[in-house]
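Now for the letters of each chain:
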Amino acid sequence: MLSTRLPDFEGLALLARVAEERSFAGAARALNLSVATVSRAITRLEDRLGARVFNRTSRKVALTDFGRTLAERGARMLREAEEAESAARELSSRPRGTINLAVPMSFGLREVSPLLPAFVREFPEITLNLHLSDATVDLIGGGFDAALRIAALPDSSLIARRLRPMGRFLVASPSYIARYGRPQSPAELNVHHCLGYAYRARTATWHLTHSDGREAAVTPTGPLSVTNVDALLPALLDGIGIAELPCFVADPHVAGGRLEILLPEWKLPGGGLYFITPAAHVRPARIDALSEFLARHLSRSD
């Protein structure tokens, strides 16, 4: 019955290198190994095969006839292995394969989906599966390779790359302000109609900091709570209440006069847009390619 043990690939490769260098010391230097390591590997190979591959003297080593035949085969094996590794490295360095990417829905529709045609053209060997949800996904448990996350602080168990700041504002429409008045302090928000967003990064409480350092906390109450910030816009624009919006949603409506920023001297906690991945010793080229692509297109300094 044939042995089920694997061949001694290491011993065969070292045999070929010793034969090429014509010495144990030369092979050890070429491979950055100790002479003792090379010698033990050759001895192990000889014991396994039951025949000597080298005749050793104090001055030199010489291949036996058996060793010469085996060294030729070992050299072919080593060459093929090096070619296989070289080809594998080339493949692994090319951005290819599938990426499962999780992105907040409103941000994904506004800023990520318009980039997809350019990404597909630039990386035709990558298949991108885009998952849009405002819920904070479990990257590892959900099988995601990466995510864009809008947060004050990313999960410390993840590798995070900050792409840009992401401010948030309290806003209301001019019609709401005309009907109910403009709040002059955070405490006054308690008597206003405040609209809720269920997937805030922390709690339902609004934490505000004045420019002079004072802090305030408000628990908003009102007639509506949603799981997507875009669902707040019709009620906001219709004058139903006050809401907290991220800058990428609020900015165009503020610029167009449809919404106004309230309590501008009071700031909500600053956050950021992060590209996050699970911790890994080696990150595939396709993930690096996506990270650099998104950084090119989404990064802002302020």
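A. Quick look at the overall build of the chain. When you go through the chain residue by residue, the secondary structure sums to 10 helices and 15 strands. Its C-alpha atoms give the chain principal-axis dimensions of about 100 × 40 × 40 Å. Looking at the chain as a whole, 38% of its 302 residues are labelled buried. Long-range contacts, defined as pairs at least 24 residues apart, comprise 74% of the intrachain contacts of the chain with a sequence gap of at least 6. Looking at the chain as shown, the accessible area adds up to about 16900 Å², and 53% of this sits on carbon and sulfur atoms. Counting 36 positive and 32 negative side-chain charges, the chain places the centres of these two groups 6 Å from one another.

B. A look at the sheet that holds strand β6 (residues 158-166). Taken in spatial order, the 5 strands of this open sheet run β4-β3-β5-β15-β6, and their pairing is mixed. Every other strand in the sheet has two partners, leaving β4 (126-132) and β6 as the edge strands with one partner each. Adjacent strand axes in the sheet meet at a mean angle of 20 degrees, parallel and antiparallel pairs treated alike. Contacting β3 (97-103), β4, β5 (146-151), β6 and β15 (271-278), helix α10 (residues 285-298) crosses the sheet at an angle of about 10 degrees to β6.

C. A look at helix α3 (residues 35-49). Taking 1.5 Å per residue as the helical rise, α3 with its 15 residues ought to reach 21 Å, and the 21 Å between its terminal C-alpha atoms agrees with that figure. Those residues of α3 that sit buried are Val38, Ala41, Ile42, Leu45 and Glu46. All buried residues of α3 lie within an arc of 135 degrees about the axis, which places them on one face of the element. Across from the buried face of α3, at angles greater than 90 degrees, the exposed residues are Arg40 and Asp47. Downstream of α3 by a residue or two, glycine 50 has a phi angle that is positive, lying close to 75 degrees.

D. Quick look at the pairing of β15. Buried residues dominate β15, accounting for 7 of its 8 residues. For β5 and β15, the ladder comprises 5 bridges, and the chain directions are antiparallel. Paired with arginine 149 across the two strands is tyrosine 274, which belongs to β15. Both β6 and β15 contribute to a ladder of 8 bridges, which runs antiparallel. Directly across from proline 165, in β15, lies its bridge partner glycine 272.

E. Expanded view of unusual backbone geometry. At arginine 22, a position not held by glycine, the phi torsion is positive, near 65 degrees. Within the secondary structure layout, arginine 22 lies in the loop between α1 (9-21) and α2 (24-31). Phi at asparagine 32 takes a positive value of approximately 60 degrees, unusual for a residue other than glycine.

About the cut-offs
- Residues numbered from 1 in each chain as written.
- Predicted model: local features only at pLDDT ≥ 70, side-chain atom pairs only at ≥ 80, totals over all residues.
- Heavy atoms only, no water.
- Helix = DSSP H or I, 4+ residues; strand = E, 2+ residues; numbered from the N terminus.
- Buried < 20%, exposed > 50% of the residue type's maximum accessible area, 1.4 Å probe, protein only.
- Contact = heavy atoms within 4.5 Å.
- Areas by Shrake-Rupley, 256 points an atom, 1.4 Å probe, with all protein chains shown as cover.
- Lys, Arg positive; Asp, Glu negative; His and termini not counted.
- Charge placed at Lys NZ, Arg CZ, Asp CG, Glu CD.
- Pairing = 2+ DSSP bridges.
- Axes fitted to C-alpha atoms, helices over the stretch in contact; angles between N-to-C directions.
- Expected span 1.5 Å × (residues − 1).
- Arc of directions from axis to C-beta.

Function cannot be inferred from these measures alone, as they are strictly geometric.
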